[in-house]
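Breakdown of the fold
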Amino acid sequence: MVSSIYKGEKFIKDYYSLLCKTDISHYYTPTTILRIGKEKDRLDSFTDKHSTIIYKYQKNLERVFVSCMDTINTKEEEFMVCVVGQFVYKDETVRFSHNFIVKEENNNFYILVEVCRFLNEEIVYDKVDSLSNLHDKRTYGYNNFNRYYVNVSCPPHTKKQDIVECFSKYGRIFDVFSKKEGFFKVEFADHSTLKAVQNDGNIIFNNKGFKILPSREDFKH
């Protein structure tokens, strides 16, 4: 029996090589389950229109770097491949987590299940010391009980990256998110970063049209 490692490496090499330059629809069948989205998206499952969906992340893709890969046999002629790597586009690079369940048949590979998430480089996760830490349903993980954040009002059409660039100079950012236009919640990894932001007040932020809101003006979250 050919090892799962060999099959996984061959599949990944062929798949990503073709992904950068040509159509890969031959890997998919009418029953393939496909999920693709950003790190914190709730992903929907697709069992059709695979080519249309794949094209969204295939467009302008120039190369793929794989930093690690794990392969394991699941059933006879089937194996799972888990990949962490980086998509290199013409104007940006995006780290990703990519998981497949693949079936080999007549020397051809067919994807049974595929899940791809684009990883958010702006998020810095707290170290998990124990499972007794508070479970945060929003991030699907375990975080320390104390939360260090400020609520920020900003001009319409302000982008998340604008907020990150403004606040990251004070220290480590845990997360930045918004549930309505003109408002962001900026959560920091530690109390010292929060205090540095609060000590600066609104002097620097006013120049950008940002305003730190008192907790009573917090938007619903």
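Described in the following lines is the structure provided in the data block. By convention here, each chain's residues receive numbers from 1 onward along its written sequence. Reporting in this predicted model follows two pLDDT cut-offs: at least 70 for local features of residues, and 80 or more for side-chain atom pairs to be given and counted; totals over whole chains, interfaces and linings ignore these cut-offs and use all residues. The basis for the side-chain values is all heavy atoms of the structure; hydrogens and waters are excluded.

Below, the discussion takes up the sheet that holds strand β9 (residues 173–180). Should DSSP find at least two bridges between two strands, the strands are regarded as paired. In this text, helices come from DSSP runs of H or I with a minimum length of four residues, and strands from runs of E with a minimum of two, each type numbered from the N-terminal end. Read from one edge to the other, the open sheet built from four strands follows the order β9-β10-β8-β11, with strand pairing classed as antiparallel. Both outer strands of the open sheet, β9 and β11 (211–213), are each paired with one neighbouring strand and no more. On average, each strand axis in the sheet is tilted by 30° relative to the strand beside it, whichever way the strands run. Here strand β8 (residues 148–153) pairs with strand β10 (residues 183–188) via six bridges, running antiparallel. Bridge assignment links Ser153 to a residue of β10, and that residue is Phe183. Running over the sheet, helix α4 (residues 191–200) touches β8, β10 and β11 and is turned about 35° from β8. Only the stretch in contact is used when a helix axis is fitted, and all axes are lines through C-alpha atoms; the angle between N-to-C directions ranges over 0 to 180 degrees. Here, residues are in contact when the closest pair of their heavy atoms is within 4.5 Å.

Glancing now at the pattern of salt bridges. Salt bridges are identified by distance alone: a Lys or Arg side-chain nitrogen within 4 Å of an Asp or Glu carboxyl oxygen. Across all of its chains, the model carries two salt bridges by this definition. For Asp14, the salt bridge goes to Lys10, with nearest N and O atoms at 3.1 Å. Within this pair, Asp14 and its partner Lys10 are both found in helix α1 (residues 4–19), separated by four residues, close to a single helical turn. Here the term buried applies to any residue with accessible area under 20% of the maximum for its type, exposed to any over 50%, and partly exposed to those in between, with areas from a 1.4 Å probe on protein chains only. We classify Asp14 as partly exposed; its relative accessible area is 28%. Overall, the relative accessible area of 36% leaves Lys10 in the partly exposed class. Between Glu105 and Lys103 there is a salt bridge, and its shortest N-O distance comes to 3.6 Å.

Ordered by their spatial adjacency, five strands build an open sheet running β1-β5-β4-β3-β2, and the pairing between neighbours is mixed. What marks the edges here is a single partner per strand, and that holds for β1 (28–38) and β2 (61–75). The sheet shows a mean angle of 20° between the axes of neighbouring strands, direction not considered. Strand contacts of α1: β1, β2, β3 (78–89), β4 (93–105) and β5 (108–118), with the helix running at about 150° to β2, the strand carrying the most contacts.

A few words now on the nonpolar core. Phe11, Tyr15, Tyr16 and Phe87 are the most contacted members of the largest nonpolar core, which totals 28 residues. Those elements that place two or more of their residues in this core are α1, β1, α2 (50–58), β2, β3, β4 and β5. Other than its neighbours up to four places away in sequence, Tyr16 contacts Val64, Val66, Val83, Phe87, Phe96, His98 and Phe100. Put simply, buried Ala, Val, Leu, Ile, Met, Phe, Trp, Tyr and Cys residues joined by side-chain atoms within 4.5 Å make one nonpolar core. Of all hydrophobic cores here, the second largest spans 19 residues; its members include Tyr148, Val152, Ile163 and Phe205.

Attention now goes to the pairing of β5. Examined bridge by bridge, β1 and β5 share seven bridges and lie parallel to one another. When the bridges of β5 are listed, Ile36 appears paired with Cys116.

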